[in-house]
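Each chain is listed here by its residues.
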Amino acid sequence: MSRIAFGTVPESRRDAQADDTRAALIASATILFAEQGYAATGTEEIVRRARCTRGALYHHFRNKSDLFRAVLEDVERTLIEGLAAEGALGADNWERFRNGCGLFLDASLEPTVQRIMLVDGPAVLGWQAWRDVERRYGFGLVGTWLTRVMNDGLIDEQPVDALTHLIAGAMNEAAMSIAHAPDPAARRAEMGATLDRLLDGLRPRG
């Protein structure tokens, strides 16, 4: 029979509490980073909002930038999961692909995505580290969509990896341009129309 000493916390409950604390820190930091930006947000605000201690923050994260990376990955993962679900509503794989691309540009207008992914992300982490996060999440979904439309004969067969880099790169540049534009909504309309023409060029002719 196993014995649990009085006054100790079972390991499974400790793990759950640690997960809850980490999630609370990420949720609090996400709100503050989105509202105030990375530079204007202090760790004191984050731990106060998360109702935990600075010791708990530094138990889970090396520093504020490490926490920011976790926030960025969480925002990116949530966005990509949403695009995969909503993009799947199209009538065929080409329409789903086009829907997903349009939804990604729409997301660049959302304050949380705009500030954390597109404005502070490259500045805080550096371009290469930011791209590593983008590649891990967004590139996979674009590659999946392109493979499906290629398998259906909706675009000409070609190297998927190369095409994924080109399309994902174009979408990221479009999103960056929207996020930094004086009139983001107008820029979204311009970028959407241009991206549509670019994607139409992938379709077989004749």
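Given the structure is predicted, the values throughout are model-derived calculations rather than measurements.

## Thoughts on helix 7 (residues 127-151)
Phase 1 of the analysis: Along its 25 residues, helix 7 runs 33 Å from first to last C-alpha, staying within 8% of the 36 Å computed at 1.5 Å per residue.
Phase 2 of the analysis: At Arg135, helix 7 shows its largest kink, close to 40°.
Phase 3 of the analysis: One or two residues past the end of helix 7 sits Gly153, with phi positive at roughly 75°.

## Comments concerning the packing of aromatic side chains
Phase 1 of the analysis: Inspection of every chain in the model, using the stated rule, returns 6 aromatic pairs.
Phase 2 of the analysis: Ring centres of Phe33 and Phe68 lie 5.4 Å apart, and the angle between their planes is 65°; this geometry places the pair in the edge-to-face category. Of this pair, Phe33 sits in helix 1 (residues 11-36) while Phe68 sits in helix 4 (residues 64-87), and the two are 35 residues apart along the sequence.
Phase 3 of the analysis: According to the relative accessible area criterion, Phe33 is buried, its value standing at 0%.

## Some details on helix 5 (residues 93-107)
Phase 1 of the analysis: Between its terminal C-alpha atoms helix 5 stretches 21 Å, which fits the 21 Å expected from 15 residues at 1.5 Å a residue.
Phase 2 of the analysis: Buried within helix 5 are the following residues: Asn93, Trp94, Phe97, Gly100, Cys101, Phe104, Leu105 and Ala107. Projected down its long axis, helix 5 carries its buried residues within an arc of 165°, all on one side.
Phase 3 of the analysis: Two to three positions downstream of the cap, the backbone nitrogen of Trp94 sits 3.2 Å from a side-chain oxygen, assigning the N-cap of helix 5 to Asp92.

## Considerations on the confidence of the model for the chain
Phase 1 of the analysis: Averaged over all residues, the pLDDT of the chain equals 90, while 91% of them reach at least 70.
Phase 2 of the analysis: Taking the mean pLDDT of every element in the chain, the minimum, 88, falls on helix 1 and the maximum, 97, on helix 2 (residues 43-50).
Phase 3 of the analysis: A low-confidence stretch, residues 1-6 stays under pLDDT 50, and its non-local contacts, those more than four residues away or across chains, total 0 contacts.

Conventions used here
- Numbering of residues starts from 1 in each chain and follows the order in which that chain's sequence is written.
- This being a predicted model, a pLDDT of at least 70 is required before a residue's local features are given, and a value of 80 or more before pairs of side-chain atoms are given or counted; all residues contribute to the totals for chains, interfaces and linings.
- Here the side-chain values reflect all heavy atoms present in the structure, with hydrogen atoms and water set aside.
- Only DSSP runs of H or I with at least four residues qualify as helices, and only runs of E with at least two residues qualify as strands; both kinds are numbered from the N terminus onward.
- Expected helix span is computed as 1.5 Å times (number of residues minus one).
- Note that bend, as reported per residue, equals the angle between axes fitted to the 7 residues terminating at that residue and the 7 residues originating from it.
- Ring pairs shown here join Phe, Tyr and Trp side chains whose ring centres sit within 6.5 Å, with only the six-membered ring taken for Trp; geometry is labelled stacked below 30 degrees between planes, edge-to-face above 60, and tilted in between.
- Residue exposure (1.4 Å probe, protein chains only): buried if accessible area is under 20% of the type maximum, exposed if over 50%, otherwise partly exposed.
- Taken from the helix axis, the directions to the C-beta atoms give the arc we talk about.
- Here a polar contact means two N or O atoms within 3.5 Å. Within protein one must be a hydrogen donor candidate and the other an acceptor candidate, and residues neighboring in sequence count only if both atoms are side-chain atoms.
- Each residue gets a pLDDT score, which is the predictor's confidence in that residue and runs from 0 to 100.
- We call two residues in contact whenever any of their non-hydrogen atoms come within 4.5 Å of each other.

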